[in-house]
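A closer look at the structure
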Amino acid sequence: MVKAVVLGAAGGIGQPLSLLLKINPDVTELSLYDIVNAPGVAVDLSHIATPAKVEGFLPPPKDSQTTPNEGLRKALAGADLIVIPAGVPRKPGEANAVFTTLHSDDLFKINAGIVRDLATAIATTAPKAFVLVISNPVNSTVPIVAEVFKNHNVFDPKRLFGVTTLDVVRASTFVAEVLGDRSLSSSITVPVVGGHSGVTIVPLLSQSSHRLPEGLDTSTVDSLVNRIQSGGDEVVKAKDGAGSATLSMAYAGAEFAVKIIRAIKGERGIIVPSYVNLAADQEGGAALRKDLGKDLDYFSSPVELGPNGVESIKGLGTITPSERALVNAALPDLISNIDKGVSFIQGPK
Ligand code: NAD
Ligand code: LMR
């Protein structure tokens, strides 16, 4: 019995993600919450002949006397797994641009406030659930959830995940393209570490399950790294004002959710990159901090999943000098993104 909840379920990511969760036979209950249209999406999905019972919830109307957000609380009650794609996406840096970068202050403030409020409801309604954060900027929204949970004394770092799977999915696809064989893409695995934006995205190509050809020129490798780091920009530009990645993100979010569900159900040995609080594994976290030479609290690295969430943080393994340079280049941005998230809840240091 697995109850999955999607917060932001009527959006560009939320709808296809909810569809993918509805067709997962392990999901027995699926609750959809959004500030618009969630009941409609739920009724639509409920006609699909798979086991999950689907319900949709909205906030109470503005003039209602109902106590604060009963819809959200009903959606969250008894949740095992909560996925959060609620928030605004980025727009391209052309005319009519609103948010040109993942770290624009306006985008940050809107999404940070949305995630803070949803995290508060989770802390008081479903504090034991696994929480998967998709809303951007992930490097800061995950610390926001953690700080809200800490304020409510319910923070379990093993159960909070920043979803960086889209970077992993893109790395597989783009490596297959360089290898000239797209049929390989679903079997290629490339760990992507660091965080989820720009230079904080660090693909470890030397650890790809399928080796790049010996002697591949540096500029091809550099372009591949750059394409993985700026995959989000590629989609934002192509959508030309209509938002950012939604379908590939829904695919990636569902991939990650499925791994969590398999771990909840007792499967062992599942290792996936995710952006986690390093306190999730004291020993592995300390080793990773030592390797990074920085005392930071969050980093995306391969983690082993178990029925209680993060079992261990695997760290970077053996990396090449050029990958080390990319990791070092990621750290300043990552540290400032983490601080920004923490300060949003706790106030400036
Ligand atoms: P969207 O605008 O299509 O959908 C967002 C949904 O969130 C909307 O339906 C909106 O009504 C809902 N929403 C807003 N405030 C809410 C609240 N308080 N409670 C519940 N729902 C609320 O946007 P999208 O394209 O689906 O993107 C959503 C977020 O995901 C953005 O922040 C985007 O940057 C991020 N994203 C992350 C990744 C990643 O790899 N982690 C990839 C793509 C997009
Ligand atoms: C992505 O990687 O596609 C997302 O984070 C969305 C974005 O704005 O880049």
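About the cut-offs
Numbers given to residues run from 1 along each chain, matching the order in which its sequence is written. Chain letters start at A and ligand numbers start at 1, both assigned in the order the entries are written. This being a predicted model, a pLDDT of at least 70 is required before a residue's local features are given, and a value of 80 or more before pairs of side-chain atoms are given or counted; all residues contribute to the totals for chains, interfaces and linings. Values shown for side chains rest on all heavy atoms present in the structure; no hydrogens or waters enter the calculation. What makes a residue near a molecule or strand is one non-hydrogen atom of that residue sitting within 4 Å of it. Here a polar contact is recorded for every N or O atom pair within 3.5 Å, except that within protein the pair must consist of a potential hydrogen donor and a potential acceptor, and residues adjacent in sequence are included only if both atoms are side-chain atoms. Surface accessibility in these figures is a Shrake-Rupley result with a 1.4 Å probe; residues are shielded only by whichever protein chains are displayed. Gly counts as polar in this scheme, as do all residues outside two lists: the nonpolar Ala, Val, Leu, Ile, Met, Phe, Trp, Tyr, Cys and Pro, and the charged Asp, Glu, Lys and Arg. Note: pLDDT gives the predictor's confidence per residue, expressed from 0 to 100. Contacts: residue pairs with any heavy atoms within 4.5 Å of one another. What counts as a ring pair is set by centres within 6.5 Å for rings of Phe, Tyr and Trp (its six-membered ring), and what kind of pair is set by the plane angle: stacked under 30 degrees, edge-to-face over 60, tilted for all other angles. Under the scheme used here, helices are H or I runs from DSSP no shorter than 4 residues and strands are E runs no shorter than 2 residues, and both carry numbers assigned from the N terminus. When a residue's accessible area, from a 1.4 Å probe over protein chains only, is under 20% of the maximum for its type it is buried; when over 50% it is exposed; and in between it is partly exposed. Two thresholds decide whether a charge sits over a ring: the Lys NZ or Arg CZ must be within 6 Å of the ring centre and within 35 degrees of the ring normal. Geometry is summarised by axes, namely lines fitted to C-alpha atoms with helices restricted to the contacting stretch, and by angles between N-to-C directions that run from 0 to 180 degrees. Note on convention: the crossing is left-handed when the near helix lies turned anticlockwise from the far helix by less than a right angle, right-handed when the turn is clockwise.

1. Quick notes on the site of ligand 2
- With respect to spatial proximity, nine residues lie near ligand 2, and among them R90, N136, R170, H196 and G232 are the closest.
- Residue R90 places a side-chain N or O atom 2.6 Å away from an oxygen atom belonging to ligand 2.
- In isolation ligand 2 offers 270 Å² of accessible surface; the protein chains occlude 93% of this area.
- Its residues assigned to classes, the shell around ligand 2 shows three nonpolar, four polar and two charged.

2. Observations regarding the site of ligand 1
- Near ligand 1 lie 28 residues; those nearest to it are G12, I13, D34, N136 and H196.
- Here an oxygen atom of ligand 1 and a backbone polar atom of G11 are 3.2 Å apart.
- In the model, a nitrogen atom of ligand 1 is placed 3.4 Å from a nitrogen or oxygen of the V163 main chain.
- Taken by itself ligand 1 offers 870 Å² of open surface, and the protein chains cover 86% of this.

3. So, the confidence of the model for the protein
- When pLDDT is averaged across the protein, the result is 94; 96% of the residues are at 70 or more.
- Overall, residues 94–98 carries pLDDT values under 50, and its contacts beyond four positions in sequence, including any with other chains, amount to three contacts.
- Taken together, the chains of this predicted complex give a pTM of 0.97 and an interface ipTM of 0.99.

4. So, the packing of aromatic side chains
- Across all of its chains, the model carries four aromatic pairs by this definition.
- A centroid spacing of 5.6 Å and a plane angle of 65 degrees characterise the contact between F161 and F256, whose relative ring orientation is edge-to-face. Within this pair, whereas F161 is found in strand β6 (residues 160–162), its partner F256 is found in helix α9 (residues 247–264), the two being separated by 95 residues in sequence.
- By relative accessible area, which is 0% here, F161 ends up buried.
- Among the aromatic residues, those joined into a ring-pair cluster are F130, F161 and F256.
- Over the aromatic face of F130 sits the side chain of R159, whose NZ or CZ is 4.6 Å from the ring centroid.
- A cation over an aromatic ring shows up here: K340 above the ring of F108, its NZ or CZ 4.5 Å from the ring centre.

5. Quick look at unusual backbone geometry
- Cis geometry marks the peptide bond from N136 to P137; its omega dihedral reads -5 degrees.
- Among the structural elements, P137 can be located in the loop between β5 (130–133) and α5 (138–151).
- Of note, N37 is a non-glycine position whose phi angle comes to about 60 degrees, a positive value.
- As for its position among the elements, N37 is in the loop between β2 (29–33) and α2 (38–46).
- Classification of N37 by relative accessible area gives partly exposed; the value is 44%.
- For N153, which is not a glycine, the phi torsion comes out positive at approximately 55 degrees.
- Relative to the assigned elements, N153 resides in the loop between α5 and β6.
- Judged by relative accessible area, N153 falls into the exposed class, the value being 72%.

6. Notes on the packing of helix α1 (residues 14–22) against α2
- Running from amino to carboxyl end, α1 crosses α2 at an angle of 35 degrees, the nearest separation of the two axes being 11 Å. The way α1 lies across α2 gives a crossing that is right-handed. Between α1 and α2, the contacting residues are Q15, S18, L19 and K22 on the first element and V41, L45 and S46 on the second.
- Residues of the contact of α1 with α2, tallied by class, amount to three nonpolar, three polar and one charged.

7. A closer look at the packing of α1 against α9
- One can describe the packing of α1 onto α9 by two numbers: an axis separation of 8 Å at closest approach and a directional angle of 35 degrees. For the element pair α1 and α9, the recorded crossing hand is right-handed. Across the interface between the two elements, P16, L17, L20 and L21 of α1 pack against L247, A250, Y251, G253, A254 and A257 of α9.
- Each residue belonging to the contact of α1 with α9 can be placed in one class, and the counts come to nine nonpolar, one polar and no charged.

8. Things to note about the environment of R73
- Within the element layout of this structure, R73 appears in helix α3 (residues 70–76).
- Residues R73 and R90, spaced 17 residues apart in sequence, show a C-alpha to C-alpha distance of 28 Å.

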